[in-house]
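Inside the fold
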Amino acid sequence: MGKPSRERSLSDKEARAIAKNLRVSPQKLNLVAGMIRGKKVDQALADLEFSRKRIAQDVRKCVMSAVANAENNHQLDVDSLIVSEAYVGKNMVMKRFAARGRGRGFQVLKPFSQITVVVRETEAEEPKAKAKKGAAKKAAAKPAGAKKPAAKTKAAAAEKEAE
């Protein structure tokens, strides 16, 4: 008799990957995570590929791992995945000492961090298209030249009186 399996914390349309012990501060890693949040996976991978940040390659590996988890473990469609969440956490901190003047030592903190990437399969994009068509119908119902009535000027008032 084994241990009962833990319930899945994510929904059926989501997959996750975690990259731990990344040698960068959480603040710097969060800049890269913010770059990919809410984007389609292929766009996020392209942005990470050409980013000038050193840690972007490790984040790219984590996104690719989340996509592989979605495809292989949960049978999700790779083309309709978006990065729904990308959040950063602290990890260990290495403490080192640097020599300072007058025989003193100075503590140097070398932080590590981790990133969690959650990808979600989006629904078909038709509901968004329907909403746009509805907005287009409303815009078409108004005449193109119709504007809000302008304030009356002296010339317009004089013109009306002349009629």
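Attention here is on the structure that accompanies the text. Not measured: the values here are computed from a predicted model.

One broad trend across soluble globular proteins is that nonpolar side chains are buried collectively. Counting residues in each nonpolar core, the largest one holds 28 residues, and the members touching the most others are Ile115 and Val119. Elements with a contribution of two residues or more to this core: strand E1 (14-22), helix H1 (26-36), helix H2 (41-49), helix H3 (56-74), strand E2 (81-99) and strand E3 (105-121). Among the elements that line this core, the one with the most residues is H3, at seven residues. Those residues in contact with Val119, other than ones at most four positions away along the chain, are Lys13, Glu14, Ala15, Val41, Ala66, Ala70, Leu81, Ile82, Val83 and Ser84.

On the surface, Arg23, Lys28, Lys53 and Arg54 cluster together to form a positively charged patch. Mapped onto the secondary structure, Arg23 falls in the loop between E1 and H1.

As a further point, take the packing of aromatic side chains. For the coordinates displayed, the defined rule picks out zero aromatic pairs. In this structure, Arg23 is placed above the aromatic ring of Phe112, and the distance from its NZ or CZ to the ring centre is 5.4 Å. Positioned above the aromatic ring of Phe106 is the side chain of Arg100, whose terminal nitrogen or guanidinium carbon lies 5.2 Å from the ring centre.

Attention now goes to the side chain of Thr116. Along the chain, Thr116 falls in strand E3. Accessibility expressed as a relative area gives 5% for Thr116, which makes it buried. Ignoring anything within four residues of it in the chain, the contact list for Thr116 reads Arg16, Ala17, Ile18, Glu85, Ala86 and Tyr87.

A word on the side chain of Ser51. Here Ser51 is to be found in the loop between H2 and H3. The class of Ser51 is buried, set by a relative accessible area of 17%. At 3.2 Å, the side chain of Ser51 forms a polar contact with the backbone nitrogen of Lys53. In contact with Ser51, not counting residues within four places along its chain, are Met35 and Ala56.

Glancing now at the pattern of salt bridges. Oppositely charged side chains are able to pair whenever their charged atoms sit close together. Evaluation of the coordinates by the stated rule reveals four salt bridges. Measuring nitrogen to oxygen at the nearest pair gives 3.5 Å for the salt bridge that ties Arg120 to Glu14. Residue Arg120 is located in strand E3, and its partner Glu14 is located in strand E1; the two are separated by 106 residues in the primary sequence. By relative accessible area, Glu14 is classed as buried at 11%. In this structure, Lys39 and Asp47 form a salt bridge, with 2.3 Å as the shortest nitrogen-oxygen distance. Taking relative accessible area as the criterion, Lys39 reaches 27% and is therefore assigned partly exposed.

About the cut-offs
- By convention here, each chain's residues receive numbers from 1 onward along its written sequence.
- Given that the model is predicted, a residue must reach a pLDDT of at least 70 before its local features are reported, and side-chain atom pairs must reach 80 or more before they are shown or counted; all residues, however, enter totals for whole chains, interfaces and linings.
- In computing side-chain properties, one takes all heavy atoms of the structure into account and sets aside hydrogens as well as water.
- Buried residues of nine kinds, namely Ala, Val, Leu, Ile, Met, Phe, Trp, Tyr and Cys, make up a nonpolar core once their side-chain atoms join them within 4.5 Å.
- Buried means the residue's accessible area, taken with a 1.4 Å probe over protein chains only, is under 20% of the maximum for its type, while exposed means over 50%, and partly exposed covers the values in between.
- In this text, helices come from DSSP runs of H or I with a minimum length of four residues, and strands from runs of E with a minimum of two, each type numbered from the N-terminal end.
- Whether two residues are in contact is decided by their heavy atoms, any of which lying within 4.5 Å being enough.
- Like charges are joined within 9 Å and nonpolar side chains (Val, Leu, Ile, Met, Phe, Trp, Tyr) within 5 Å, but only among residues with over 30% relative accessible area and no salt bridge; these make up the patches.
- What sets the accessible areas is the Shrake-Rupley method with a 1.4 Å probe; for residues, cover comes only from the shown protein chains.
- A pair is scored as a salt bridge if a Lys or Arg side-chain nitrogen falls within 4 Å of a carboxyl oxygen belonging to Asp or Glu.
- Residues scored as positive are Lys and Arg, those scored as negative are Asp and Glu, and His as well as the terminal groups of each chain are ignored.
- A charge is said to be at NZ when it belongs to Lys, at CZ for Arg, at CG for Asp and at CD for Glu.
- Whether two aromatic rings pair depends on their centres lying within 6.5 Å, for rings of Phe, Tyr and Trp, where Trp uses its six-membered ring; planes under 30 degrees apart make the pair stacked, over 60 edge-to-face, and the rest tilted.
- We call a charge positioned above a ring when the Lys NZ or Arg CZ atom is no farther than 6 Å from the ring centre and deviates by at most 35 degrees from the ring normal.
- Each polar contact in these results corresponds to two N or O atoms within 3.5 Å; when the atoms are within protein, one needs to be able to donate a hydrogen and the other to accept it, and residues that are neighboring in sequence are counted only if both atoms are side-chain atoms.

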